[in-house]
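Letter by letter, the chains look like this.
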Amino acid sequence: MNKCKLSIIGLGNMGKTILNGIESSNLINPSLVGLYTLEKDVLNYYSNKGYTIFKDEKDLCDNSEIVLLAIKPQGIEELVSKIKDSNIKCLVSILAGVSIDYYHKNFNCPIIRIMPNMPLQINKGASAISHDDKVDKKDLDLIIDIFKSMGVVNIIDESLMNDILVVNGSTPAYVYYFINAMINDAVKRGIDEEVAKEMIIQTFIGSSLMLKNSNKTIQEQIDAVCSKGGTTIEAINTFKEKNLDEIIHLANTNCINRAKVIGK
Ligand SMILES: NC(=O)c1ccc[n+]([C@@H]2O[C@H](COP(=O)([O-])OP(=O)(O)OC[C@H]3O[C@@H](n4cnc5c(N)ncnc54)[C@H](OP(=O)(O)O)[C@@H]3O)[C@@H](O)[C@H]2O)c1
């Protein structure tokens, strides 16, 4: 049997999202994509689609060139104990907090570390990639192409991989939280929930596209909405008085610190 080109261990939210991206990009034939996850139903589903299913983690690693880990960080030690003797050509990890150095201590192969985010599901993702200097350019290019097919990719220094969590990995939840708080407040004021939801989400999409596509700076865009003596400036001034920037800084610090604890 030929080795699989790329195989994924762990088909939860992220593993399935990445697999869908590989499928839509047509970069690798499904028969050359290997899979292993704990849920048998999930494996049956992908087996019927032509993917190669392995009987366990070790079997997958022994028969694959590139192995992508997509399990929760809490399970990494147990997984490593099962696969550390495999002859993996290139290991790719999306686990928050787990460093390249940790993998080097356990594997004698090149390591690529990725921090993706959930909007990959709709090809609007943002993925940060770091890697060691042993990685084969062809393997790296394949990984970059896969993630580029689902959004933007930036190569960053590994030392920033925990910090980048608060730029892309965790931030979709911040955005949802902020949108939810705005909807709840609108509803309290008597606005229909569905109306509020539609308009607030559309406003986030529209405002983000304005930032992306216009030559104006972010401050110029803020100023364009906040006329002097008008209404919006009152809201922005309240954010400043209540030190929203400081709250964001504290939330980010706690998020990053958790990644550091998980990675220990
Ligand atoms: N979700 C995000 O937005 C996001 C963003 C950036 C990075 N990440 C990273 O992505 C990773 C996966 O996150 P997720 O949200 O996809 O988690 P998830 O939904 O819990 O998926 C993990 C999957 O791996 C399976 N699994 C656990 N141990 C396994 C093993 N030894 N062999 C095979 N399969 C195993 C789990 O099965 P059971 O459920 O049966 O345990 C589950 O299906 C995490 O390390 C996280 O840090 C996630």
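Residues numbered from 1 in each chain as written. Predicted model: local features only at pLDDT ≥ 70, side-chain atom pairs only at ≥ 80, totals over all residues. Heavy atoms only, no water.

A.B. asks: Got a minute to help me understand the overall build of the protein in this structure?
C.D. replies: A tally of helices and strands in the protein yields eleven helices and eight strands. Dimensions of the protein along its principal axes, counting C-alpha atoms only, are 70 × 35 × 35 Å. Restricting to contacts in the protein with at least 6 residues of sequence separation, those with at least 24 account for 60%. For the protein, the centre of its 29 positive side-chain charges and the centre of its 32 negative side-chain charges are spaced 1 Å apart. (Helix = DSSP H or I, 4+ residues; strand = E, 2+ residues; numbered from the N terminus. Contact = heavy atoms within 4.5 Å. Lys, Arg positive; Asp, Glu negative; His and termini not counted. Charge placed at Lys NZ, Arg CZ, Asp CG, Glu CD.)

A.B. asks: Just checking my understanding: could you explain the domain arrangement of the protein for this structure?
C.D. replies: Interface extent is often summarised as the accessible area lost during association of the parts. The domain boundaries assigned to the protein delineate domain 1 (4–158) and domain 2 (171–263). Centre-to-centre separation of domain 1 and domain 2, based on C-alpha positions: 33 Å. At the junction of the two partners, domain 1 supplies eight residues and domain 2 supplies five residues. Here domain 1 and domain 2 share zero salt bridges between them. The tally of links between domain 1 and domain 2 comes to zero residue pairs in polar contact (both at pLDDT 80 or more). Here the side of domain 1 that touches domain 2 is composed, by residue class, of five nonpolar, three polar and no charged. (Domains from an automatic or database assignment. Salt bridge = Lys/Arg side-chain N within 4 Å of Asp/Glu carboxyl O. Polar contact = N/O pair within 3.5 Å; in protein donor to acceptor, adjacent residues only side chain to side chain. Nonpolar A, V, L, I, M, F, W, Y, C, P; charged D, E, K, R; others polar.)

A.B. asks: When you look at the pairing of strand β7 (residues 125–131) in this model, what are you seeing that I'm missing?
C.D. replies: Two faces, one strand: in a regular strand the side chains alternate between the faces of the sheet. The buried count for β7 comes to five of seven residues, which makes it a mostly enclosed element. Here four bridges tie strand β6 (residues 111–115) to β7, and the two strands are oriented antiparallel to one another. Each residue of the ladder has a partner; that of Arg 113, found in β7, is Ser 130. Between β7 and its parallel partner strand β8 (residues 151–155), the chain crosses via helix α6 (residues 137–148), and the hand of that crossover is right-handed. (Buried < 20%, exposed > 50% of the residue type's maximum accessible area, 1.4 Å probe, protein only. Pairing = 2+ DSSP bridges. Right-handed = clockwise from strand over helix to strand, strands pointing away.)

A.B. asks: Just checking my understanding: could you explain the environment of Asn 184 for this structure?
C.D. replies: Along the chain, Asn 184 turns up in helix α7 (residues 171–188). Along the backbone, Asn 184 and Ala 196 are twelve residues apart, and their C-alpha atoms lie at a distance of 8.8 Å.

A.B. asks: What exactly am I supposed to notice about the pairing of β8 here?
C.D. replies: Two strands pair when backbone bridges link them, and β7 and β8 are joined in this way by five bridges, in the parallel orientation. Bridged to Gly 125 within β8 is Gly 151.

A.B. asks: Would you explain the pattern of salt bridges in this entry?
C.D. replies: Between side chains of opposite charge, a pair can form when the charged atoms approach closely. Counting across every chain of the model gives ten salt bridges. Here Lys 82 makes a salt bridge to Glu 57, at a shortest N to O gap of 3.1 Å. Separated by 25 residues along the polypeptide, Lys 82 in helix α4 (residues 76–83) and Glu 57 in helix α3 (residues 57–62) bring together distant segments of the chain. Across the pair Asp 185 and Arg 189 runs a salt bridge, and its minimum N-O distance is 2.8 Å. Using a relative accessible area of 64% as the deciding quantity, one classes Arg 189 as exposed. A cluster of three or more residues bridged by salt bridges with shared partners is formed by Glu 57, Glu 78 and Lys 82.

A.B. asks: Explain a nonpolar patch on the surface to me, please; I cannot follow it from the model alone.
C.D. replies: Together, Phe 178, Met 182 and Phe 239 make up a nonpolar patch on the protein surface, roughly 250 Å² of accessible area in all. For Phe 239, the position within the fold is in helix α10 (residues 232–241). (Patch = residues over 30% accessible without salt bridge, like charges linked within 9 Å, V, L, I, M, F, W, Y side chains within 5 Å. Areas by Shrake-Rupley, 256 points an atom, 1.4 Å probe, with all protein chains shown as cover.)

A.B. asks: Quick question: what am I supposed to make of the site of the ligand here?
C.D. replies: In the vicinity of the ligand there are 20 residues, among which Asn 13, Met 14, Glu 57, Ile 71 and Ala 96 approach most closely. Between an oxygen atom of the ligand and a main-chain N or O atom of Met 14, the distance comes to 2.7 Å. At 2.9 Å from a nitrogen atom of the ligand is found a side-chain nitrogen or oxygen belonging to Glu 57. Burial of the ligand by the protein chains amounts to 77% of its free accessible area of 900 Å². (Near = heavy atom within 4 Å.)

A.B. asks: Hey, could you run me through the packing of aromatic side chains in this one?
C.D. replies: Between two aromatic rings, the relevant description is the distance of the centres plus the angle of the planes. Counted under the stated rule, the structure contains five aromatic pairs. Centroid distance Tyr 46 to Tyr 51: 5.8 Å. Interplanar angle 80°. Geometry classified as edge-to-face. Tyr 51 matches Tyr 46 in its accessibility class, with the two residues each being buried. By way of ring pairs, the aromatic residues Tyr 45, Tyr 46 and Tyr 51 are connected into one cluster. (Phe/Tyr/Trp six-rings, centres within 6.5 Å; stacked < 30°, edge-to-face > 60°.)

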